[in-house]
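Chain by chain, the residues run as shown.
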Amino acid sequence: MPDPNQTDRGVLEAIRGGDAAAWTRLVEEYQGRLLRFASARVPQRADAEDIVQDTFASFIKVTKTLQIETSIETYLFGILRNRLVDRLRTRWARSVCLIQDVCRTGADEGPVEPLARMPATDPSVSWCVSHSEQRQLQRQVLTEALQQLIRGFQEARKFRDLKVAEMVFYGQLTSVEIARLLGLEEGLVRVVKHRCLEAIRARIAQCDALKDASISYSEDLLTEVWETQRLSCPKRSVLSEFLLESLSPEWFDYVDFHLALMGCHFCRANFKDLQEQQTGDQHTQFRQRIVTSTVGFLSEA
Ligand SMILES: [Zn+2]
């Protein structure tokens, strides 16, 4: 009677022998079903993909010693289930959904081309050029205004106000939602928002080129500037300190907010990369420690 696991054993044997094509075929065969499984349990596709990627990484790490008793598929699903359970125990599990995913559904479609909004009744090329230049200048001034605002909050350790500003301009949340999420009075959120807009207007008023141009900046433009310039994103060195838990409590709380509640995709990717690097470093250090402590036995042999 043919062994139903014969094929799986053959695949494992090829992967153990370093056959990259066999590994690629295996990933191709199982990635779809694993992703569907994960997607049904994790709201964000990017998170589901991460978990599936981790599953394959775990699998390939054990192939050398793996004894297949059931099938590769059962084994892969077993790892995936464990990963999903682990995830529920992590700190990020408490944010059921990430603001950036919920409120910014169009974010992945790329920036809106400003000229695409040009009225069809105005075919004038010069109008296009001046409109484009004006938008460029607007962006530049808004970038400076927002940078100044954010730096001011950071230097004064006004992280509560920074969180509110980030939720208003980066997350496009309403005052009601912000008040609920941060546990603040709605009136206070409105006051902070008002002060931010005042500061931005004051900065624009200082710009001679924009003074007479009757600029009307939308909140969409503020969001676009904030996102494309990643104005409030912590530097990689700060994320690294966050990982090592060596930040001051206020900074730690803010970075946690930016990663877990705002769910900034850029910073989450960056943070994950750092985590992997740290694991790699620890692995190397551990190996070195073992080698250093055991190498003496070789000469005695
Ligand atoms: Zn960020």
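Rules behind the numbers
- Residues numbered from 1 in each chain as written.
- Predicted model: local features only at pLDDT ≥ 70, side-chain atom pairs only at ≥ 80, totals over all residues.
- Heavy atoms only, no water.
- Helix = DSSP H or I, 4+ residues; strand = E, 2+ residues; numbered from the N terminus.
- Buried < 20%, exposed > 50% of the residue type's maximum accessible area, 1.4 Å probe, protein only.
- Polar contact = N/O pair within 3.5 Å; in protein donor to acceptor, adjacent residues only side chain to side chain.
- Salt bridge = Lys/Arg side-chain N within 4 Å of Asp/Glu carboxyl O.

1. As for unusual backbone geometry
Next, step 1: Even without being glycine, Arg-157 reaches a positive phi, approximately 55°.
Next, step 2: Of note, Arg-157 is situated in the loop between helix H6 (125–155) and helix H7 (159–170).
Next, step 3: Phi at Glu-245 is positive, roughly 55°, even though this residue is not glycine.
Next, step 4: Positionally, Glu-245 belongs in the loop between helix H12 (236–243) and helix H13 (249–261).
Next, step 5: The class of Glu-245 is exposed, set by a relative accessible area of 58%.

2. Structural notes on the side chain of Thr-223
Next, step 1: By the element assignment, Thr-223 lies in helix H11 (residues 219–229).
Next, step 2: Reaching out from Thr-223, the side chain makes a polar contact with the side chain of Gln-172 at a distance of 2.8 Å.

3. Section: the pattern of salt bridges
Next, step 1: Per the stated rule, a full pass over the model turns up 10 salt bridges.
Next, step 2: With its nearest N and O atoms 2.7 Å apart, the salt bridge here joins Arg-139 to Glu-224. Taken as a pair, Arg-139 in helix H6 and Glu-224 in helix H11 lie far apart in primary sequence, 85 residues in all. An identical accessibility class is assigned to Arg-139 and Glu-224; each is buried.

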